Amino acid sequence: MPVERRQLLKGLAAAGIAGTVSSRFAQAQEQAARATRGLPAPRIKDISVIECQPAGVRLTVVKITTDQDGLYGYGCATFTQRADLVRPAVEKYLKPFLLNKTTDRIEDIWQSCYDSSYWKNGPVLNNALSGIDQALWDIKGRQAGMPVYQLAGGKCREAVDTYVHADGAEFQEVVENAKRYVSQGFRNVRVQVGVPGMAGYGAHQSGPAPKALHDKPLFESAYYMRRALKLLEICRQELGEEVELLHDMHERLLPNQAVQFCKEAEKFHMFFLEDPLSPEDLGYFRQIRQNCATPIAMGELFNSPHEWQPLIAERLIDYIRVHLSQTGGFSPARKIAILAEQFGVRTAWHGPGDVSPIGHMANVTLDLVSYNFGIQEYSPFNERTQEIFHGCPEMKDGYLWVSEKPGWGIEIDEKAAAKAPFTPGGNNLNGGWGEIRRRDGTVIKQ
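Below, the structure is looked at part by part. (Residues numbered from 1 in each chain as written. Predicted model: local features only at pLDDT ≥ 70, side-chain atom pairs only at ≥ 80, totals over all residues. Heavy atoms only, no water.)

## Regarding the pattern of salt bridges
This is how the line gets drawn: For salt bridges, the criterion is a side-chain nitrogen of Lys or Arg within 4 Å of an Asp or Glu carboxyl oxygen. By definition, any uninterrupted DSSP run of H or I lasting at least four residues is a helix, any uninterrupted run of E lasting at least two residues is a strand, and each is numbered from the N terminus. Here the term buried applies to any residue with accessible area under 20% of the maximum for its type, exposed to any over 50%, and partly exposed to those in between, with areas from a 1.4 Å probe on protein chains only.
Per the counting criterion, the structure on display carries 30 salt bridges. Across the salt bridge formed by Arg227 and Glu170, the nearest N and O atoms sit 2.9 Å from each other. Within this pair, whereas Arg227 is found in helix H8 (residues 221-239), its partner Glu170 is found in the loop between strand S4 (160-168) and helix H7 (171-183), the two being separated by 57 residues in sequence. Residue Arg227 is classed as buried on the basis of its relative accessible area, which comes to 13%. By relative accessible area, which is 36% here, Glu170 ends up partly exposed. One salt bridge in this structure joins Arg321 and Asp275, with 3.3 Å as the shortest N-O distance.

## Some details on the sheet that holds strand S3 (residues 72-76)
Test applied: Here, a strand pair is defined by DSSP locating no fewer than two bridges between the strands. Here the axes come from fitting lines to C-alpha atoms, over the contacting stretch only for helices, and the angles between their N-to-C directions go from 0 to 180 degrees. Any pair of residues with heavy atoms lying within 4.5 Å of one another is described as a contacting pair.
The strand order across the open sheet built from three strands is S1-S2-S3, with neighbouring strands paired in antiparallel fashion. Each end of this open sheet is capped by a strand with a single partner; those strands are strand S1 (44-52) and S3. On average, adjacent strands in this sheet sit at an angle of 20 degrees to one another, irrespective of strand direction. Sheet topology note: the strand S2 (residues 59-66)/S3 ladder contains five bridges and is antiparallel. Directly across from Val61, in S3, lies its bridge partner Cys76. Each of S1 and S2 touches helix H3 (residues 86-98); the most contacted strand, S1, lies at about 175 degrees to it. Packed on one face of the sheet, helix H14 (residues 357-369) meets S2 and S3 and runs near 85 degrees to S3.

## Some points on the side chain of Asp367
Put simply, the rule reads: Only four residue types enter the charge count, namely Lys and Arg as positive and Asp and Glu as negative; His and the chain termini do not.
The topology assignment puts Asp367 in helix H14. For the buried Asp367, which has no salt bridge, the nearest side chain bearing the opposite charge is Arg157, at an N-O separation of 7.1 Å. Excluding its chain neighbours within four sequence positions, the residues that come into contact with Asp367 are Arg157, Val160, Thr347, Trp349, Phe373 and Gln376.

## Digging into the packing of aromatic side chains
For clarity, the threshold we go by: Here a pair means two rings of Phe, Tyr or Trp (six-membered ring of Trp) with centres within 6.5 Å. Their orientation is stacked below 30 degrees between planes, edge-to-face above 60, and tilted elsewhere. Two limits define a charge over a ring: the Lys NZ or Arg CZ must be within 6 Å of the ring centre, and within 35 degrees of the ring normal.
All chains considered together, the criterion is met by 13 aromatic pairs. Ring geometry for Trp110 against Tyr114: centres 4.8 Å apart, planes inclined by 20 degrees, an arrangement best described as stacked. Separated by four residues within a single helix, Trp110 and Tyr114 lie in helix H4 (residues 106-116), roughly one turn from each other. The exposure class assigned to Trp110 is buried, which follows from its relative accessible area of 10%. Overall, the relative accessible area of 18% leaves Tyr114 in the buried class. Here the guanidinium or amino end of Arg252 rests over the ring plane of Phe219, the centre of that ring lying 5.7 Å away. Across from the ring centre of Trp401, 5.8 Å away, lies the NZ or CZ of Lys396, which sits over that ring.

## Observations regarding the nonpolar core
Rules: The term nonpolar core refers to a set of buried residues drawn from Ala, Val, Leu, Ile, Met, Phe, Trp, Tyr and Cys, joined through side-chain atoms within 4.5 Å.
The biggest cluster of nonpolar side chains holds 120 residues, and the ones touching the most others in it are Ile64, Ile132, Phe261, Phe285, Ile320 and Phe389. Sort the elements by how many residues they give to this core and H8 lands first, with nine residues. Setting aside anything within four residues of it in sequence, one finds Phe285 in contact with Pro276, Leu277, Ile296, Met298, Leu311, Leu316 and Ile317. If you look at the next biggest cluster of nonpolar residues, it comprises eight residues, including Leu246, Phe271, Ala297 and Tyr319.

## Considerations on the pairing of S1
Sheet topology note: the S1/S2 ladder contains eight bridges and is antiparallel. For Glu51, the partnering residue across the bridge sits in S2 and is Thr60. Between S1 and S2, which pair antiparallel and follow one another directly, the connecting turn spans six residues, one of which, Gly56, has a positive phi of 85 degrees.

## So, the side chain of Arg157
The test is simple: For this analysis, a polar contact is any N or O atom pair within 3.5 Å, provided that within protein one partner can donate a hydrogen and the other can accept it, and provided that sequence-adjacent residues contribute only side-chain to side-chain pairs.
Relative to the assigned elements, Arg157 resides in the loop between helix H6 (148-151) and S4. In this structure the side chain of Arg157 is engaged in a polar contact, spanning 2.6 Å, whose partner is the backbone oxygen of Asp367. From its side chain, Arg157 meets the backbone oxygen of Ser370 in a polar contact 2.8 Å long. When sequence neighbours within four positions are dropped, the list of residues in contact with Arg157 reads Asp367, Leu368, Ser370, Tyr371 and Phe373.

Now the structure itself:
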């Protein structure tokens, strides 16, 4: 030991603090030594699936446990409409493929898992792969002692601007709900109104149903179109110009009607119209762009690059709003954001209630690190969900704030999760959506 250091420690000992300083010095030396020599990369010891239903929505999370004590990670793999299929996809196919692999090669693991099924871009396997991918990012963040946003380049902004959902059976009910959100600090509101007697999207209905040739839920696109445009007119008048308006068309119009709707909505100066067309009708986006400047957001159902690449490259949309787990997780969504930035397209990731808090944290993380962030859909976390998922993103004055803890910053109480098991869907379809039909009996896209 150098003479100077011995003398310093003797002097500190006289003051009664040598032990503390010496201990901190030793810890610092050990930390530096670990950084220079490195530790063996963690290996995947186990992969398990956590299923829970804290508030009527079935959430699926993948947990990867490593061979290093206390090192594990969580990833969102939620697919509520076919929830029971994700667990076997993980346990019967991905787990045997990944056991004993190191956790440090996230991109390599994603590519090899993606290719291992041969048939690609399906929602079940993409969601299962998302759980693996996000769990690996969580592990890497925990290893580094950093939140994932730091590993992805750091913040571009302090917090994430959001929009909320105001609905109602009648126009004034929607307006009052929107005003309530504005009073809470939200600046962006998605508005939806019911269609009397019909199964519209995003709002409950009132009144008797028109006569139809069947007894199933009814929907006629022309009725919806007229009513939705009237809603936008009323909301703009009563909420003023400073509140940003959004509306979800949910792919329920015929393609030529969608073009007309977007054109007529232009005068309301909206933040965006959401999902005007189905993935099968993407060619009509050229007509929308040629006819109006209404901002368009698209992508909730996308799970293949062949769907989002043309829309981004041709600048046919303004916001890409894919569902992260549907596309395969954090890694591919990060690539989508980078691609979109080059073409002036901004992000608006899908953030409904049927995404686990892990998935929402992945959304917010991408929002922070992407220069071309646009807006984030927000769904509040109820008390029971927060009893299971500790460390959810925090909402303050319309902004979501990311966790500053390592990884995703979320811990799961697995005992609490076990007390909220999956139950069958209330419509006897185990969570699947039932059919909605036109008056003549033709089934519509949902």
